Amino acid sequence: MPSPEAPYLRFLKGFVVSPDTGCWLWEGSTYQNGYGWLKVFGSVVSAHRFSYELHKGTIPDGLEILHSCDVKHCVNPDHLRAGSHAENMAEAAERGRMRSGADHPQFGKLQQRPKQAKPVRVLGKDYESIKAAERALGLGGGTVRYWLNHNPYRAQLIEKGR
Ligand SMILES: [Zn+2]
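Residues numbered from 1 in each chain as written. Predicted model: local features only at pLDDT ≥ 70, side-chain atom pairs only at ≥ 80, totals over all residues.

Asker: Kindly report on the packing of helix α5 (residues 130-137) against helix α6 (residues 143-150), identifying the contributing residues and their values.
Answerer: The packing of two helices is summarised by the inter-axis angle and the distance between the axes. Where α5 meets α6, the axes come as close as 8 Å, and the angle between the chain directions of the two elements is 115°. Between α5 and α6, the crossing angle belongs to the class labelled roughly perpendicular. In this structure, α5 uses Ile130, Ala133 and Glu134 to contact α6, whose residues at the interface are Thr143, Val144 and Arg145. Counted by class, the contact of α5 with α6 contains three nonpolar, one polar and two charged residues. (Axes fitted to C-alpha atoms, helices over the stretch in contact; angles between N-to-C directions. Helix = DSSP H or I, 4+ residues; strand = E, 2+ residues; numbered from the N terminus. Parallel < 35°, antiparallel > 145°, perpendicular 65-115°, else oblique. Contact = placed C-beta atoms within 7 Å. Nonpolar A, V, L, I, M, F, W, Y, C, P; charged D, E, K, R; others polar.)

Asker: Would you mind going over the confidence of the model for the protein in detail, with residue names and values included?
Answerer: Low pLDDT means the predicted coordinates in that region are not meant to be read closely. Mean pLDDT for the protein: 84, with 85% of residues reaching 70 or above. The low-confidence segment residues 104-114 (pLDDT under 50) makes three contacts with residues lying over four places distant or belonging to another chain. (pLDDT = per-residue confidence, 0-100.)

Asker: For the sheet that holds strand β8 (residues 125-127), give the residues involved together with the corresponding values.
Answerer: With respect to topology, three strands assemble into an open sheet ordered β8-β7-β9, the strand pairing being antiparallel. Each having just a single partner strand, β8 and β9 (155-157) make up the two edges of the open sheet. Taken over all neighbouring pairs, the strand axes of this sheet differ in orientation by 25° on average, direction set aside. Pairing of strand β7 (residues 120-122) with β8, which is carried by three bridges, proceeds in the antiparallel orientation. Bridge pairing links Arg121 to Asp126 in β8. Contacts between α5 and the sheet are confined to β7 and β8, with β7 contributing the most and set at about 25° to the helix. (Pairing = 2+ DSSP bridges.)

Shown next, in the form of structure tokens:
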């Protein structure tokens, strides 16, 4: 009897990389809610959670894995970060607002969020805001914020007037 392939090998064969977004698009089974899944040692696990644990380590208790790219079947660990359920819901609501807001005459005004305009140093270079850094470096939305919280050697806020 052939021995079953190791879960991570099946995982690595289970997606294609989108050249446009860098998303690793899961090609295996998906739940009705759009997230991918695979069987690992007899249990069904979410593909993006498996990817996170494979590349970044154990998911802290009670946390969900959030997609910075908003593609539910994406399993690129660079697009994934751990956050609370409340944070997940808030982000989903935020995206909903931004999408429906795009047709709205006040869209431009709503986009101005002064609390985001803090200067940041990312990978050794200074940018006027998180968004500016992400644009300049071609990073997915949320990546710099994730680094600020988890990888201070990659991204730091620049304190002014100190
Ligand atoms: Zn993605």
